[in-house]
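The residues making up each chain are set out below.
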Amino acid sequence: MAQTPLLSLPEFHSVSTGSLIVKEALNFWGGARVQGKNTQNSEPVYEPATGRVLCDMIPCGEEEIDQAIKDAHSAYLKWRKLAGIERARILLEAARIIRESRDQIAELEVINNGKSITEAKVDIDVAWQCIEYYAGIAPTLAGQHIQLPGGSFAYTRREPLGVCVGIGAWNYPFQIAAWKSAPALACGNAMVFKPSPMTPVTAVILAEIYKKAGVPDGLFNVVQGAAETGSLLCHHPMVAKVSFTGSVPTGKKVMEMSAKGVKQVTLELGGKSPLIIFKDCELENAIRGALMANFLTQGEVCCNGTRVFVQREIIKPFIEEVVKRTKAIAVGDPLLDGTRMGALISKPHMEKVLGFIAKAKEQGAKVLCGGEPFVPSDPKLKGGYYLSPCVLDNCRDDMTCVKEEIFGPVMSIMPFDTEEEVLQRANNTTFGLASGVFTRDISRAHRVAENLQAGTCFINNYNVSPVEVPFGGYKMSGFGRENGMVTIEYYSQLKSVVVEMGDVDNYF
Ligand SMILES: NC(=O)c1ccc[n+]([C@@H]2O[C@H](COP(=O)([O-])OP(=O)(O)OC[C@H]3O[C@@H](n4cnc5c(N)ncnc54)[C@H](O)[C@@H]3O)[C@@H](O)[C@H]2O)c1
Ligand SMILES: C[N+](C)(C)CCCC=O
């Protein structure tokens, strides 16, 4: 069984399912990996593909959090003084290293998360693209010059916030760390990042890469832990901002804790997004879109279009083809190139998803395919958390499977008749992360996009994520944005400097 000098760059090399044990320290501050102290509180981390213990997650306590934040603050004081172009140079180097180590990082992501290697490679590509994008923006950050009467003037300075905290979910571990750190660092901030306790392995590699690229020690730090560690981060007085990715209930707590210190917050939360397929669509693309909207990362995707509304006239051929292709999805060893769906994140999560399917049946839904535990033939995968992808028919808007986020490979299909009706039904949710529409009618496409209450609307595609495009929620799916130019606003603040060229008024 391989032990890991594998992780530390540049030594790491190819791994295979069921063969890795991670022994190295998973925290990172002051420019080095740090072993957690509270070993009595350690929790096992499982490899989803096999159900084996991959490593122990040792949660950071108060002293460790304080150390990481103080290191981040010292690094911030140096980093903020660099010109944008100097920061850009270092970020570009980090992007280059990630690009060159992409396959190895993707393998570790697969081992820890369970998603297919094909998808993990795309995730790592999106991560370096994001860092490259914000490297490009760093030198352009600038204020405004404002002319005032009598030759006086003012100017604005775009300044960093200070130490930012990132808290991540387990579905895109490396990518989330990149989406948060890239704009934060480009703006001159430092970051302390806490991954999900279920996926502690790859964020620390990002920390090593930033160090190798030349950021000051302490600029990007990783602390492991669960709710208690997250709460210490949100309450720490030296933290200026918290960017959170996770569920709505935890997001509310993060907002509440951050409010006590008047810290800025970005919340990237859950969803139950609608995908609307009109009868005039190009059916082949709509079918592909529905599969992309539901089955990436075993359905554990925040913006998935899990409420699939199909216009009644085409629902029969649509369902026939979707079911045929869903049954053909290759579920199994996520590190094999031919696999298209890997393992869910954990046994409890798989049971939760199965519970949603059981409830859907009780409430009258018809399972057209999948929805059962899947046991691959390879003996080493027997303990893994596999589920056959599921398509549900006979769904109604009031069913639990249609109202609540399942976060698993479960597609609910419902017929509709008119545009007005489907818009009303699509918007009848407290979530508002994403949405999608398939139609060949250009006016209808833009009208529907305008009327859907969601942070993203995909027209004739689904779940693409170019880093140039802002991503984030409406309603209870959160606020603030990641990616795109606008995210600069969420990691910086404006100072107005007012310059008097004449005399001061004499009122007194
Ligand atoms: N909108 C997005 O960009 C996006 C992306 C990925 C996932 N998600 C959402 O994330 C959820 C799944 O992820 P999850 O199960 O890891 O979510 P979660 O809310 O359970 O945990 C998210 C993170 O918050 C931490 N946390 C838990 N309690 C905390 C507390 N009291 N204080 C501070 N931090 C705390 C966790 O340790 C973890 O790091 C889904 O709802 C999904 O839709 C959203
Ligand atoms: C990269 N995707 C597919 C757009 C997912 C973004 C993060 C949501 O869970």
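Model, not experiment: these values are computed from the prediction.

**Looking at the sheet that holds strand 14 (residues 274-277)**
Line of reasoning, step 1. One open sheet accounts for seven strands, arranged 16-17-18-15-14-19-20; its pairing is mixed. On the outer flanks of this sheet lie strand 16 (366-369) and strand 20 (458-459), each paired with one strand and no other.
Line of reasoning, step 2. Where strand 14 lies against strand 15 (residues 307-311), four bridges are found, and the strand directions are parallel. Each residue of the ladder has a partner; that of I276, found in strand 15, is F309.
Line of reasoning, step 3. Against the sheet, helix 13 (residues 419-426) makes contact with strand 14, strand 15 and strand 18 (410-416), and its axis sits at roughly 145° relative to strand 18, the strand it touches most.

**Some words on the pairing of strand 14**
Line of reasoning, step 1. Residues P274 and I276 of strand 14 are buried on one face, and the alternating residues L275 and I277, pointing to the opposite face, are buried as well.
Line of reasoning, step 2. With respect to chirality, the unit in which strand 14 leads through helix 9 (residues 283-295) into the neighbouring parallel strand 15 is right-handed.
Line of reasoning, step 3. Across three bridges, the pairing between strand 14 and strand 19 (residues 436-438) is parallel. The residue of strand 19 that forms the bridge with I277 is F438.

**A few points about empty space enclosed by the protein**
One water molecule sets the probe size; rolling that probe over the atoms shows where empty space is left.
Line of reasoning, step 1. Within this structure, the stated rule accounts for three cavities of 30 Å³ or more.
Line of reasoning, step 2. Of the voids in this model, the largest cavity is the one considered here, and its volume is about 80 Å³.
Line of reasoning, step 3. Taken together, 16 residues make up the lining of the largest cavity; nearest its centre are P274, A426, T429, F431 and Q453.
Line of reasoning, step 4. Residue composition of the lining of the largest cavity, by class: seven nonpolar, six polar and three charged.
Line of reasoning, step 5. Here the second largest cavity is characterised by a volume of approximately 50 Å³.
Line of reasoning, step 6. In this structure, the second largest cavity is lined by G271, K272, G299, V301, C302, N304, T306, E405, I406, F407 and G408.

**Thoughts on helix 1 (residues 62-79)**
Line of reasoning, step 1. Spanning 18 residues, helix 1 covers 25 Å between terminal C-alpha atoms, matching the ideal 26 Å at 1.5 Å per step.
Line of reasoning, step 2. Three or more residues of helix 1 are buried, namely E64, I65, A68, I69, D71, A72, A75, Y76 and W79. The buried residues of helix 1 all sit within an arc of 160° when viewed along its axis, so they share a single face. Pointing more than 90 degrees away from the buried face of helix 1 are the exposed residues E62, E63 and K78.

**Structural notes on the site of ligand 2**
Line of reasoning, step 1. All residues adjacent to ligand 2 are N171, Y172, Q175, W179, V301, C302, C303, N463 and S465.
Line of reasoning, step 2. Measuring from an oxygen atom of ligand 2, one finds a side-chain N or O atom of N171 at 2.9 Å.
Line of reasoning, step 3. Here an oxygen atom of ligand 2 sits 3.0 Å away from a polar atom, N or O, in the main chain of C302.
Line of reasoning, step 4. Here ligand 2, which alone exposes 300 Å², has 93% of that area covered by the protein.
Line of reasoning, step 5. When grouped by side-chain class, the residues that make up the shell around ligand 2 number five nonpolar, four polar and no charged.

**Observations regarding the layout of surface pockets**
Line of reasoning, step 1. Estimated volume of the second largest pocket: approximately 290 Å³.
Line of reasoning, step 2. R87, R157, R158, E159 and P160 are, among the 16 residues lining the second largest pocket, the residues nearest its centre.
Line of reasoning, step 3. In terms of residues, the lining of the second largest pocket owes the most to one element, strand 8 (residues 153-160), which gives five residues.
Line of reasoning, step 4. Of the residues assigned to the lining of the second largest pocket, the class counts are six nonpolar, four polar and six charged.

**Description of the UniProt feature "domain: Aldehyde dehydrogenase" (unreviewed entry) in the protein chain**
Line of reasoning, step 1. Here the UniProt-annotated "domain: Aldehyde dehydrogenase" (unreviewed entry) positions come out as residues 40-497.
Line of reasoning, step 2. End C-alpha to end C-alpha, residues 40-497 measures 52 Å, and it is 40% helix and 18% strand.

**Let's talk about the sheet that holds strand 22 (residues 492-499)**
Line of reasoning, step 1. The strand order 7-8-22 describes an open sheet built from three strands, whose pairing is antiparallel. Two strands bound the open sheet, and with one partner strand each, they are strand 7 (145-147) and strand 22. When the angles between neighbouring strand axes are averaged without regard to direction, this sheet yields 20°.
Line of reasoning, step 2. Sheet analysis places strand 8 next to strand 22, joined by eight bridges and oriented antiparallel. For R158, the partnering residue across the bridge sits in strand 22 and is L494.

Reading the values: the criteria
Residues numbered from 1 in each chain as written. Chains lettered and ligands numbered in written order. Predicted model: local features only at pLDDT ≥ 70, side-chain atom pairs only at ≥ 80, totals over all residues. Heavy atoms only, no water. Pairing = 2+ DSSP bridges. Helix = DSSP H or I, 4+ residues; strand = E, 2+ residues; numbered from the N terminus. Contact = heavy atoms within 4.5 Å. Axes fitted to C-alpha atoms, helices over the stretch in contact; angles between N-to-C directions. Buried < 20%, exposed > 50% of the residue type's maximum accessible area, 1.4 Å probe, protein only. Right-handed = clockwise from strand over helix to strand, strands pointing away. 1 Å grid on protein atoms, 1.4 Å probe; cavity = no way out; pocket = protein on both sides within 12 Å on 5 of 7 lines; lining within 4 Å. Points joined across faces, edges and corners; volume = space filled by probe spheres on them. Nonpolar A, V, L, I, M, F, W, Y, C, P; charged D, E, K, R; others polar. Expected span 1.5 Å × (residues − 1). Arc of directions from axis to C-beta. Near = heavy atom within 4 Å. Polar contact = N/O pair within 3.5 Å; in protein donor to acceptor, adjacent residues only side chain to side chain. Areas by Shrake-Rupley, 256 points an atom, 1.4 Å probe, with all protein chains shown as cover. UniProt positions renumbered as here; feature names shortened; annotations may be inferred.

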